[in-house]
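Tertiary structure, described
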Amino acid sequence: MSSLRILGILLGSLSLISCFFIFRGPKWRRSSFVVVNFLSFAMIVISINPNVVNILADILSLQEYQRGRILALLIVSFFCLFALYLRNRMHLDKIKYQFDILVRSLGSDKKPENFIAAIKPIMILIPAYNEAENLNVLLKKMPRSVCGKEVGVLVIDDGSMDDTSLVPNREGYVCVKNIINRGQGAACRLGYDLLRDENVEVLVTMDADNQHLPEDIKTLVKPIEENEFDLVIGSRIIGSHESEDRFRGIGISVLTKIINLITGLKLTDCSSGFKAFNVNELKRIHLREDQFQSSEVIIESAKKGLRVGEVPITIVKRKFGDSKKGTNWRYGFKFTKVIIKTWWR
């Protein structure tokens, strides 16, 4: 027997024995115990009789290749590791979801004294991170009424380090602060929690960077007031936009086509954060993504049967500061990841 096989037997035996000591008491997890024992036992069996791997090589038609047994073992090992990775990801997603509930509950408990008085039939929700300069300009331009109904503004300060949380109060609006920076999607979820059970009829989300024009709010709200749609997305494609990164524009176009394919919708702009909800229907969708959540909103709404439509809007250049979306490659990768996760769940 070769030294490598002897080492395999020793390591497998040591792993079997260690497993009983590691997974006991409060650390006991049945699934982890079974997986570790199975892999340890497999190592011992293969070390004692390597010909067992021939069965795998035959199944994968690798016997005729040099070192076919090793190739078969590597392939099976890869799939085992991938299965473990998916299991751990699911566990981490569960922890992340529980953490999200905790942080949102902490934020919901920090309503300012003027919160109830600030609630209007139409509410504008603005997630903001270090956007004090932009909010100073944006909030002054907000309409006080739309379609004959009063308009209020709720700013979610997503853990800013500047005076973002102070600006809304100066303009007669309300702000709730997230205890840490978590991303636009997480900030919006906190806003949904705060407004979902109030007497709000229409909720409009818009960015804090001055790229969205307050005068377009009426365009977004009108189809909901007329009971035409439950979710209205502002599209720069059927509207207009100032010059932007050409490659990002191509990427958004491709991603929009993918979303249309998997939802059956006919949208033109899947990345718009300027949208309006029928609040009663908003209660039906469940959102989890911390960032790049515009695609999640669309896919989840389509799954739940909400009527989704588009209206033209105008997008202008950011007035102050830099974009927080990252490079084109990072933006595209993260956006695609959210599409896949939302569609699959």
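Please refer to the structure placed before this passage.
What comes next is a walk through the structure. (Residues numbered from 1 in each chain as written. Predicted model: local features only at pLDDT ≥ 70, side-chain atom pairs only at ≥ 80, totals over all residues. Heavy atoms only, no water.)

**Brief notes about the packing of helix 10 (residues 246–263) against helix 13 (residues 328–344)**
The interhelical angle for the contact between helix 10 and helix 13, taken along N-to-C directions, is 5 degrees, at an axis separation of 11 Å. One finds that helix 10 runs roughly parallel with respect to helix 13. In contact with Phe247, Arg248, Ile252, Leu255, Ile258, Ile259 and Ile262 of helix 10, helix 13 contributes Asn328, Tyr331, Phe335, Thr336, Ile339 and Trp343. (Axes fitted to C-alpha atoms, helices over the stretch in contact; angles between N-to-C directions. Helix = DSSP H or I, 4+ residues; strand = E, 2+ residues; numbered from the N terminus. Parallel < 35°, antiparallel > 145°, perpendicular 65-115°, else oblique. Contact = heavy atoms within 4.5 Å.)

**Examining a nonpolar patch on the surface**
Together, Ile75, Phe78, Phe79, Phe82, Tyr85 and Leu86 make up an exposed nonpolar region whose accessible area comes to about 610 Å². Position of Leu86 among the secondary structure elements: in helix 4 (residues 68–108). For Leu86, a relative accessible area of 39% gives the class partly exposed. (Patch = residues over 30% accessible without salt bridge, like charges linked within 9 Å, V, L, I, M, F, W, Y side chains within 5 Å. Areas by Shrake-Rupley, 256 points an atom, 1.4 Å probe, with all protein chains shown as cover. Salt bridge = Lys/Arg side-chain N within 4 Å of Asp/Glu carboxyl O. Buried < 20%, exposed > 50% of the residue type's maximum accessible area, 1.4 Å probe, protein only.)

**Notes on the packing of helix 12 (residues 294–303) against helix 13**
One can describe the packing of helix 12 onto helix 13 by two numbers: an axis separation of 9 Å at closest approach and a directional angle of 20 degrees. As summarised for this structure, helix 12 and helix 13 are arranged roughly parallel, according to the angle between their axes. Considering only the axes of helix 12 and helix 13, their crossing is right-handed. Taking contact as the criterion, the partners of Ser294, Ser295, Glu296, Ile299, Glu300 and Lys303 in helix 12 are, on helix 13, Phe335, Val338, Ile339, Thr342, Trp343 and Trp344. The residue inventory of the contact of helix 12 with helix 13, partitioned by class, reads six nonpolar, three polar and three charged. (Left-handed = near helix turned anticlockwise from the far one by under 90°. Nonpolar A, V, L, I, M, F, W, Y, C, P; charged D, E, K, R; others polar.)

**A word on the nonpolar core**
Leu154, Ile156, Tyr192, Leu195, Leu203, Phe277 and Phe335 are the most contacted members of the largest nonpolar core, which totals 40 residues. No other element matches the six residues that helix 8 (residues 184–196) contributes to this core. Leu154 has contacts with Phe115, Met123, Ile124, Leu125, Ile126, Val174, Cys175, Val176, Gly191, Leu194 and Leu195, leaving out every residue within four places of it along the chain. Core analysis: the second largest hydrophobic core is formed by 31 residues, Leu135, Leu139, Val146 and Val167 among them. (Core = buried A, V, L, I, M, F, W, Y, C linked by side-chain atoms within 4.5 Å.)

**Comments concerning the pairing of strand 4 (residues 174–178)**
Burial runs high along strand 4: four of the five residues are buried. Strand direction decides the pairing type here: strand 3 (residues 149–158) and strand 4, joined by five bridges, are parallel. From the neighbouring strand, Ile156 faces strand 4, where its bridge partner is Val176. (Pairing = 2+ DSSP bridges.)

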